[in-house]
Structure formats: C-alpha cells, structure tokens
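Structural description and commentary
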Amino acid sequence: MLDRVKDRGLVLLGCGKMGSAMLEGWLAQGVPPGSVHVIEPYPSDWLKSTGVHLNEPLPAAPAIVLLAVKPQMMGAALPQVVALGGGGTLFLSIAAGTTIASFEETFGAATPIIRAMPNTPAAVGRGISAITGNPRATEADLQLAEALLSAVGQVVRLEGEHQMDAVTAVSGSGPAYVFHLIEALAAAGEAEGLPAPLAMQLARATVCGAGELAQQSPETASQLRINVTSPGGTTAAALAVLMDAETGFPPLLRRAVKAAADRGRELGK
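Residues numbered from 1 in each chain as written. Predicted model: local features only at pLDDT ≥ 70, side-chain atom pairs only at ≥ 80, totals over all residues. Heavy atoms only, no water.

On to helix α5 (residues 100–107). Where α5 is concerned, the buried positions are Ile-100, Phe-103 and Phe-107. Each buried residue of α5 sits inside an arc of 60 degrees when the element is viewed along its axis, so together they form one side. Summarising the contacts, the buried residues of α5 are in contact with β4 (64–67), α4 (74–77), β5 (90–93), β6 (113–117) and β7 (127–133). Following α5 by one or two positions, Gly-108 has its phi on the positive side, about 100 degrees. (Buried < 20%, exposed > 50% of the residue type's maximum accessible area, 1.4 Å probe, protein only. Helix = DSSP H or I, 4+ residues; strand = E, 2+ residues; numbered from the N terminus. Arc of directions from axis to C-beta. Contact = heavy atoms within 4.5 Å.)

Written out as structure tokens, the structure is:
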C-alpha cells in the first residue's frame, strides 16, 4: 500500500509530537523522504534533518493528506490543503472531536475521508488507532490508512463514526488514566512510609511491567488478576476495596469514561 505514497506523495499537515512519531515510523518503514511534504510553521531540528519537503509547494494530487493539527487550529490550517479535495486524494484526520461531516463541508462530499483516533503511546511505537471512513473511502483507502498508522502501533476498524466518542474515552484519553494511576499508587506508597522517589519508581515499574505482561500473555486480564491473588492474602485485601461495586474501580471508571465520551459528543457538535 505504501507504493501509492512513494509514487504520488504524502502531505503531513502539522508535525508536532504525534505527527513526528508517525513520520519517524514511515521513514523507518522505507517511505522515501522525497515523497513526504510537511507543512509545519515551527519545525523541530529533527524535522529539518529528515530530508522531507518542508513548507514547499505541494504535489497536485498526492495519495494522502494526513491532518495532524490540533482541532482548534483546523480553521487556520485547512485552507493550505483545501484545493486537494474533491479528487483522488485521501484525507486522514487524527484530530479529536472533529467529525467527518465537518471535513466534507470543507473538502466536498466526493472526497474520501477517514477519521482516526490514535493515542500518545504512538510516540514509542505502542499506540492503538481506531479508524472509520465516509462512503467515498474505499477498501484500498482504509488499507492505506492502516499501513500508515501501523507505523506507530495497532490499528482497529470501527463499525462507524458513532463509536468514535467511546474509543476516544477509552484509548484516546486512557493513557492519562494510567498515568494518574501511577501518581496515585506512588502517593499511597508514600502514605505507608516509602520515600517519594522509591514509591514512584515502584509504581511506574509495576504499572509498566503489568501492562507488558497483559500484552504478551495469552491469558485474559481477569485470569492474570486471579493468578496474583492468593485467597485471604494482601492482594485480596486490596482488591476488596478496588472491586467494590459501589465505590471501587468499576463504577469510577464507568463514570470517567462516560464523562469523556459525553464531552467528545459535545465537541463534535
């Protein structure tokens, strides 16, 4: 699929942390720097060193335009690529809360558009992105989006855009929940008498190690939890608190994810 990019070119609108992570992955996969055109008003030294076309005239009909600017910057950024709409160029957006319909208003309903929700672990190649397209996006377009996004992690397809707010609430915002878990676990360790640096080291390594075990193990998360829980032991005592039906993790995370999804729906309006 990346032959389309090599032949016709790729335009990256915005090259912040997420855009840089993806560009690094593409270059590592063999996409020629000369096939990539980047529009970025504040380029990093790394970006300048890659050999890509930076803030230069764009190709007439690139294979894909990847929109990687923040939602609040879309209004100012999109005019730079609006002339590429309405033809065979695929538009792929990773902007949270910006609907496919809003892009169709800008580029025209005949434009193939795919909306994606990646997450910040993409910066270390461990992200997960969910994608969905408009009726003009073909199977080949979806495969191209998957090929590009797989440079920074896993990719899943959604049934439709109606699932995007839930995805945003689970995997898009989810890394922040995990980072806060590390903060809270370290603070609890401090409260039990551990020095702050040691408590943070233990919390960070424990969460990261457990996540890697969950990723690599063929067992379910539930079974992994059972494996480390001895009846009547210390873990069981803690889980009695964390798994409480009224005050534990399950109802708390349901409320948190719902709040994020509701906010996503509000932003989409």
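Turning our attention to the domain arrangement of the protein chain. In terms of domains, the protein chain is made up of domain 1 (1–160) and domain 2 (173–268). Using only C-alpha atoms to locate each centre, domain 1 and domain 2 end up separated by 33 Å. Contacts between the two partners involve seven residues from domain 1 and, on the opposite side, five residues from domain 2. Taken over both partners, the interface formed by domain 1 and domain 2 buries close to 440 Å², and the fraction arising from carbon and sulfur atoms is 44%. (Domains from an automatic or database assignment. Buried area = accessible area lost by both parts, 1.4 Å probe.)

Another point: the nonpolar core. One finds Leu-12, Leu-23 and Trp-26 to be the most contacted residues of the largest nonpolar core, which totals 33 residues. No other element matches helix α6 (residues 139–149), which puts six residues into this core. In terms of nonpolar packing, the next biggest core, distinct from the first, is built from 17 residues, Ile-39, Leu-78, Leu-84 and Phe-91 among them. (Core = buried A, V, L, I, M, F, W, Y, C linked by side-chain atoms within 4.5 Å.)

The residues that UniProt annotates with the feature "binding site: NADP(+)" (unreviewed entry) are Leu-13, Gly-14, Cys-15, Gly-16, Lys-17, Met-18, Ala-68, Val-69, Lys-70 and Pro-71. Tracing the backbone shows Leu-13 in strand β1 (residues 10–13). When sequence neighbours within four positions are dropped, the list of residues in contact with Leu-13 reads Ile-39, Leu-66, Leu-67, Ala-68, Val-69, Ala-77, Leu-78, Gln-80 and Val-81. As for its placement among the helices and strands, Met-18 is situated in helix α2 (residues 17–28). In contact with Met-18, not counting residues within four places along its chain, are Ile-94, Pro-118, Asn-119, Thr-120 and Ala-122. (UniProt positions renumbered as here; feature names shortened; annotations may be inferred.)

Another aspect to go through is the sheet that holds β7. By definition, the strands of a sheet pair up through backbone hydrogen bonds, in either a parallel or an antiparallel sense. Spatial ordering of the open sheet is given by β3-β2-β1-β4-β5-β6-β7-β8, a layout of eight strands whose pairing is mixed. The outermost strands of the open sheet, each flanked by one partner alone, are β3 (53–54) and β8 (153–157). Across four bridges, the pairing between β4 and β5 is parallel. Bridged to Val-65 within β5 is Phe-91. (Pairing = 2+ DSSP bridges.)

To continue, consider the UniProt feature "domain: Pyrroline-5-carboxylate reductase dimerisation" (unreviewed entry) in the protein chain. Mapped onto the present numbering, the UniProt feature "domain: Pyrroline-5-carboxylate reductase dimerisation" (unreviewed entry) falls on residues 161–267. Helix makes up 78% of residues 161–267 and strand 0%, and the two end C-alpha atoms of the span are 14 Å apart.

Together, Leu-181, Leu-185, Leu-242, Met-243, Phe-249, Leu-252 and Leu-253 give the surface a local cluster of nonpolar side chains, amounting to about 570 Å² of exposed area. Elements with a contribution of two residues or more to the nonpolar patch: α8 (174–191) and α12 (249–268). Among the elements that take part in the nonpolar patch, α12 stands out by supplying three residues, more than any other. (Patch = residues over 30% accessible without salt bridge, like charges linked within 9 Å, V, L, I, M, F, W, Y side chains within 5 Å. Areas by Shrake-Rupley, 256 points an atom, 1.4 Å probe, with all protein chains shown as cover. Salt bridge = Lys/Arg side-chain N within 4 Å of Asp/Glu carboxyl O.)

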